[in-house]
Amino acid sequence: MKRKYDLLSKIMKRNDFVFIFVAMLFYFIALITPIFGDDATRTIMYEKLSFTEMAGLSWQSSMGVSMRIVSNFIVDTLIWMQNGYFIWQILNSIMIYALLWTTSYIFIHDKRMNLLLAFLFCLYPYLDMMTAGAVSTSVTYLWNLTAGMGVIAFLKKILNSKKISAKDVIFLDLLTFVATGHEQMLVVLLVVFIITIIFLLQKDRKKTLVFISALGISIINVKLLLFMPANYNRYISEHHWFPDYEMQSFINKIEMALTSSLHRILFTNGIFMVLMLILTFYIYKKYQDNYRWVYISAFGLVITMAAYLPKEGVLERIVNLLTMQQGQYGTIDVTNYVIVSPYAAIVIQLIVASSCMIAIGMLCNNFFELLLYEGIIIIGLGTRMVMGFSPTIWASDDRTYLFCWFALIVETVLIADSKRYLIDKICILKNKTCEKYMSDIVYFLIVCASISNALDVFLYRGVY
């Protein structure tokens, strides 16, 4: 009994214990996740088929409907297996742990920030990973995101190593092939590889070949995306989902993508609010001699918080304006283009987003920090913005926001970690007892956020 207690104590003292804790919480959420959508369709399709027959159908599907060959095959195999759903529940928890661990490895130096990372991940609306069926959506999106973060983790390891092992290169190329099988992750990694190669051409040309091979794999997936039969077949079907898409102007497509993205990011979840809260506090500590600079981030924070106020009395119109929903044709369409409110809603969104970008810039100490911090936000928003140039902008539901949400999580953790010197001098944070209480509070918030996600899934289960 004592040995078991000692083992448990050692596990709980690990820096990554909070990631294990979160993975376990999401395993319990997976237990109540219903089987529906594409998962139910595949279950019926593959019933009583042999493995080779299932693999053949999976290949035909990849050729005819979707280019995500690896992800589709994993989904089909899990659904075909007798205990596949149970295996998915375990593997999905492992992937969540791997995602959090790689993110910590890449961006975090002070391991106390692991608590913040775990809490922010629990704030992510996990219901988005069920919109096409839990297995289909999580494998295609969340697992690809994990593979993408694994690629960046290997990039960091190779850049920091004096010698490059063949094993690292092989793992890098394999993860790159899997991760770039998803269009949004492909865009992110292409940018990462190109910037890394440009940097290495000036610093270490020997390592450039490693990243050129990874870039080559990404380009292969670009060609598959553009020229596979599935791409054309999907292009035809997309127009049935949004028949009037071709009638939209270039400006209207940008407006649809931008306003839908900003509305969801700024006013429907607490992740952005946490970022603005940290920015406001850090700017306050950095510019104590000039409090006027605090107003920039505080203004965005107050507006964001106002969106969560109860819709009653005098505040009802303000809150309704902040939470204005987009229609199929964007915030502004033929039904409201002569009304002031949709234009005001867009202006408010742009002001809040600008206050965030300016506040981030004010915390940067050099051009490299500015490029990195602003770049993460821009790339994350860009992964959703590209959807505006496809009729599937609404067809894929809210799961396409995953990369945007995660970029926001990374931005929050990175700033909180890299600028922690602004709060290290606060005596109360150095107190071990206080630190323990704060840790307990964060664990409590993690559990609360997980329960909220579980309730969403449970209520969603009732629909099916």
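See above for the structure.
Bear in mind the structure is a predicted one, so any value in this text is a computation, not a measurement.

Draft legend 1. Geometry of the overall build of the chain. Scanning the chain from N- to C-terminus turns up 21 helices and zero strands. For the chain, the proportion of its 464 residues judged to be buried stands at 48%. Counting contacts in the chain only where the partners sit at least 6 residues apart, residues at least 24 apart contribute 77% of the total. Carbon and sulfur atoms make up 69% of the accessible area of the chain, which amounts to about 23600 Å² in all.

Draft legend 2. Molecular detail of the environment of Thr412. In this structure, Thr412 sits in helix α19 (residues 402-418). Sequence spacing of Thr412 and Leu116 is 296 residues, and the spatial spacing of their C-alpha atoms is 8.8 Å. Each residue touching Thr412, except ones within four places of it in the same chain, is listed here: Leu116, Leu120, Ile271, Val274, Leu275 and Ile278. A polar contact is formed between the side chain of Thr412 and the backbone oxygen of Leu408, at a distance of 2.8 Å.

Draft legend 3. Up close: the packing of aromatic side chains. Under the defined criterion, the tally for this structure stands at 13 aromatic pairs. Seen from their ring centres, Phe51 and Trp80 are 5.5 Å apart, and the 65 degrees between their planes marks the pair as edge-to-face. With Phe51 in helix α4 (residues 51-64) and Trp80 in helix α5 (residues 69-80), this pair connects stretches of sequence that are 29 residues apart. Site record: aromatic cluster; members linked through ring pairs are Phe17, Phe21 and Tyr443. Seen from the ring of Tyr105, Lys156 lies directly overhead, with NZ or CZ sitting 5.0 Å from the centre. If you follow Arg264 out to its NZ or CZ, it ends over the ring of Tyr401, 5.4 Å from the centre.

Draft legend 4. How the structure looks around the side chain of Thr77. As for its position among the elements, Thr77 is in helix α5. Residue classification places Thr77 among the buried positions, given a relative accessible area of 16%. Beyond its immediate chain neighbours, meaning those up to four positions away, Thr77 contacts Phe51 and Met54.

Draft legend 5. Quick look at helix α11 (residues 208-227). The end-to-end C-alpha distance of α11 is 28 Å, a good match for the 28 Å that 20 residues give at a rise of 1.5 Å each. Buried residues of α11: Thr208, Val210, Phe211, Ala214, Leu215, Ile217, Ser218 and Asn221, and no others.

Rules of the game
Residues numbered from 1 in each chain as written. Predicted model: local features only at pLDDT ≥ 70, side-chain atom pairs only at ≥ 80, totals over all residues. Heavy atoms only, no water. Helix = DSSP H or I, 4+ residues; strand = E, 2+ residues; numbered from the N terminus. Buried < 20%, exposed > 50% of the residue type's maximum accessible area, 1.4 Å probe, protein only. Contact = heavy atoms within 4.5 Å. Areas by Shrake-Rupley, 256 points an atom, 1.4 Å probe, with all protein chains shown as cover. Polar contact = N/O pair within 3.5 Å; in protein donor to acceptor, adjacent residues only side chain to side chain. Phe/Tyr/Trp six-rings, centres within 6.5 Å; stacked < 30°, edge-to-face > 60°. Lys NZ or Arg CZ within 6 Å of the ring centre and 35° of its normal. Expected span 1.5 Å × (residues − 1).

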